[in-house]
Amino acid sequence: MAQTGSAPASTAALSPAVAPPPGQPRFALFDALRGIAVLCIITYHVTSITGAMNAATIGDLYSVLGNQALIFFFVISGFLLYRPYAAAHAAGRRGPSTRRYARRRLLRIVPAYWTALTLLAIWPGITGVFTHDWWRYYFCLQAYSNQTLSFGIPPAWSLTVEVSFYILLPIWAWAIRSLGRRLGASRWMRVELTGLALVAALGVGIQVAASRLLVSSLLATTLLGECVWLALGMALAVVSVEDQHRATPRRVVAAVVRFPGLCWLGALACLLGATAVLHPGGLFNIILSLHERQPYSRTLAGIVLTAGLSAFLIAPAAFGEGAGGVPRRILAWRPLAGLGVVSYGVYLYHLTAGELLGEKADPLHFSASGLGLTSNTVLLFVLTVGVTAAVATVSYRVIELPFLRLKEGPARDGGAQ
């Protein structure tokens, strides 16, 4: 049986922000994955502010990194939130308490988000929040309208996807469990993966249709379009649970455990490939010619490479956590893991901080004048990481933790991370 996570016995000493549901294993290396994802998002926005994203080839890489980072968060959510349900299905028992699951999600997301939204609307005056559309921002509905998508806290459009996923996840788990009982316990994994493959196919169809302007591009930024990445994380969770019940790991899982470095080399190859496909130009003109002859190939190739990148990056953390290897040593690095713990606050504050510190703040995002400290990309990146990490740490200790300590309720009988 391959090791897929740390034993749950030690969770009592963990921060409530990262403690798994009672009885569930702790996947400690996922903290650093969140840290990597939020650093990629900062890179994307900083290079947008300084104009470095306009540079040939390297600018394309920055753009892809930023887009991939939000996808990493979706895959991580799919894995961590669905795994307790998959474990229950494999054991033939009822899933986690929906009430406690809902409380955990509500306390994890809402207090810090509402606080950031209100404070940033007061200063530096982010646009849209104190208007007749206030309810769209506070209830994570801004991504459903072109009039609000880019205002408030612009990166928070992804919270619309996350919240939709939170609401539908228990319903999905119930439906899969009901279907699995009818078909027999021995077929639980086939039922799980078949259902998730259909969901992923729906997401792919929406993204392809949006790329060809057959449906609104807004639809692609909702759960219908982004479900492919959440389904990928859920599928990895199913494989993780199934592997835990096997006496001998599957060959693919055994290879991930033994050769994590190859996984990250595969992730790098997918990143470069996605850059070539999604942003053709410079060294990649041949891909542009391919796109002109086969209009759907670019979107499909981008989806496949993006899925490969996410799976290869996350696999060493999901399987064989204690098996060693350079990727796992990087993911065990405390500063990176610490950044991951406060990554939600960094995600909420980093764009406003970067624009305030840089020389080219977007006047559409807030009303206050920027500080105009620097237009140097490296310096602005360092300043943005430092400032937002400090602000996020305060948010984590003052706002998030007091609520997170309440997330299990009066009795610890189950939930979802």
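Residues numbered from 1 in each chain as written. Predicted model: local features only at pLDDT ≥ 70, side-chain atom pairs only at ≥ 80, totals over all residues. Heavy atoms only, no water.

## Some remarks on the overall build of the protein
So, point 1. Across its full length, the protein carries 16 helices and zero strands.
So, point 2. When the 417 residues of the protein are sorted by exposure, 54% land in the buried category.
So, point 3. With an accessible surface of roughly 18,400 Å², the protein has 66% of that area assigned to carbon and sulfur atoms. (Helix = DSSP H or I, 4+ residues; strand = E, 2+ residues; numbered from the N terminus. Buried < 20%, exposed > 50% of the residue type's maximum accessible area, 1.4 Å probe, protein only. Areas by Shrake-Rupley, 256 points an atom, 1.4 Å probe, with all protein chains shown as cover.)

## Let's talk about the packing of aromatic side chains
So, point 1. Across all of its chains, the model carries eleven aromatic pairs by this definition.
So, point 2. Pairing Phe 30 with Phe 79 gives two aromatic rings, centres 5.0 Å apart and planes at 20 degrees, and the pair type is stacked. A residue pair is termed long-range when its members are at least 10 positions apart, and Phe 30 in helix H1 (residues 30–50) and Phe 79 in helix H2 (residues 58–91) qualify at 49 residues.
So, point 3. Arranged with centres 6.0 Å apart and planes meeting at 85 degrees, the rings of Trp 114 and Phe 139 form a pair that is edge-to-face. Residue Trp 114 is located in helix H3 (residues 98–122), and its partner Phe 139 is located in the loop between helix H4 (134–138) and helix H5 (157–183); the two are separated by 25 residues in the primary sequence.
So, point 4. Members of the aromatic cluster, joined through ring pairs, are Trp 114, Trp 134, Tyr 138 and Phe 139.
So, point 5. Its guanidinium or amino end placed over the ring of Tyr 166, Arg 105 lies 5.1 Å from that ring's centre, counting from NZ or CZ. (Phe/Tyr/Trp six-rings, centres within 6.5 Å; stacked < 30°, edge-to-face > 60°. Lys NZ or Arg CZ within 6 Å of the ring centre and 35° of its normal.)

## Comments concerning the packing of H3 against H5
So, point 1. Where H3 contacts H5, the axes come no closer than 10 Å and their chain directions differ by 170 degrees. Relative to H5, H3 is oriented roughly antiparallel. Judged by residue contacts, Thr 98, Tyr 101, Arg 105, Ile 109 and Tyr 113 of H3 engage Leu 159, Phe 165, Tyr 166, Leu 169 and Pro 170 from H5. (Axes fitted to C-alpha atoms, helices over the stretch in contact; angles between N-to-C directions. Parallel < 35°, antiparallel > 145°, perpendicular 65-115°, else oblique. Contact = heavy atoms within 4.5 Å.)

## With respect to the pattern of salt bridges
So, point 1. Scanning the entire structure with this criterion turns up six salt bridges.
So, point 2. Residues participating in the shared-partner salt-bridge network are Arg 26, Asp 31 and Arg 34. (Salt bridge = Lys/Arg side-chain N within 4 Å of Asp/Glu carboxyl O.)

## Remarks on helix H6 (residues 188–211)
Along an α-helix, residues three or four apart share an orientation, since each turn contains 3.6 residues.
So, point 1. Counted at 1.5 Å a residue, the expected span for H6 with its 24 residues is 34 Å, and the 35 Å between its end C-alpha atoms agrees.
So, point 2. Within two residues after H6, Leu 213 carries a phi angle of roughly 65 degrees, on the positive side. (Expected span 1.5 Å × (residues − 1).)

## Quick notes on the nonpolar core
Grouped burial of nonpolar side chains is what soluble globular proteins tend to show.
So, point 1. Ranked by size, the top nonpolar core spans 112 residues in total, and within it Phe 30, Tyr 82, Tyr 113, Ile 153, Tyr 347 and Leu 348 carry the most contacts.
So, point 2. Per element, the largest residue contribution to this core is 18 residues, and it comes from H2. (Core = buried A, V, L, I, M, F, W, Y, C linked by side-chain atoms within 4.5 Å.)

## Concerning the packing of H5 against helix H8 (residues 223–244)
So, point 1. Here H5 crosses H8 at 60 degrees, and the two axes come no closer than 10 Å. Relative to H8, the element H5 lies oblique. Of the two possible hands of crossing, H5 and H8 adopt the one that is right-handed. Side by side, H5 and H8 meet where Trp 157, Val 161, Ser 164, Phe 165, Leu 168, Leu 169 and Trp 172 of the first sit next to Leu 223, Glu 226, Leu 230 and Met 234 of the second.
So, point 2. A breakdown of the residues in the contact of H5 with H8 according to their chemical character gives nine nonpolar, one polar and one charged. (Left-handed = near helix turned anticlockwise from the far one by under 90°. Nonpolar A, V, L, I, M, F, W, Y, C, P; charged D, E, K, R; others polar.)

## Section: the side chain of Gln 68
So, point 1. Tracing the sequence through the fold places Gln 68 in helix H2.
So, point 2. Aside from chain neighbours lying at most four places away, what touches Gln 68 is Leu 278, Thr 306 and Leu 309.

## A few points about a nonpolar patch on the surface
So, point 1. A contiguous nonpolar patch, built from Phe 259, Leu 262, Leu 265, Leu 268 and Leu 272 and spanning about 490 Å² of accessible area, is present on the exposed surface.
So, point 2. Checked against the element boundaries, Leu 265 lands in helix H10 (residues 260–278).
So, point 3. With relative accessibility at 54%, the residue Leu 265 sits in the exposed group. (Patch = residues over 30% accessible without salt bridge, like charges linked within 9 Å, V, L, I, M, F, W, Y side chains within 5 Å.)

## Remarks on the environment of Trp 123
So, point 1. Locating Trp 123 in the fold gives a position in the loop between H3 and H4.
So, point 2. Residues Trp 123 and Ala 368, 245 residues apart in the sequence, show an inter-C-alpha distance of 7.2 Å.
So, point 3. Discounting chain neighbours no more than four positions away, the residues touching Trp 123 are Leu 356 and Ala 368.

## A word on the side chain of His 89
So, point 1. Positionally, His 89 belongs in helix H2.
So, point 2. For His 89, a relative accessible area of 11% corresponds to the buried category.
So, point 3. Residues contacting His 89, with those up to four places away along its chain left out, are Tyr 82, Ala 173, Ile 176, Arg 177, Trp 188 and Glu 192.

## Description of the environment of Glu 400
So, point 1. Note that Glu 400 resides in helix H16 (residues 377–404).
So, point 2. Owing to a relative accessible area of 2%, Glu 400 belongs among the buried residues under this scheme.
So, point 3. Residues Glu 400 and Arg 108, 292 residues apart in the sequence, show an inter-C-alpha distance of 7.1 Å.
So, point 4. Contacts of Glu 400, omitting those with residues within four sequence positions, involve Arg 108, Ala 112, Tyr 344, Gly 345, Ala 392 and Ser 395.
So, point 5. A distance of 3.0 Å separates the side chain of Glu 400 from the side chain of Arg 108, its partner in a polar contact. (Polar contact = N/O pair within 3.5 Å; in protein donor to acceptor, adjacent residues only side chain to side chain.)

## Focus: H8
So, point 1. Across its 22 residues, H8 extends 30 Å between first and last C-alpha, which sits within 8% of the 32 Å expected from 1.5 Å per residue.
So, point 2. Of all the bends in H8, the largest measures some 30 degrees and sits at Trp 229.
So, point 3. Among the 22 residues in H8, 19 count as buried, and that is most of the element. (Bend = angle between axes of the 7 residues up to and from the residue.)

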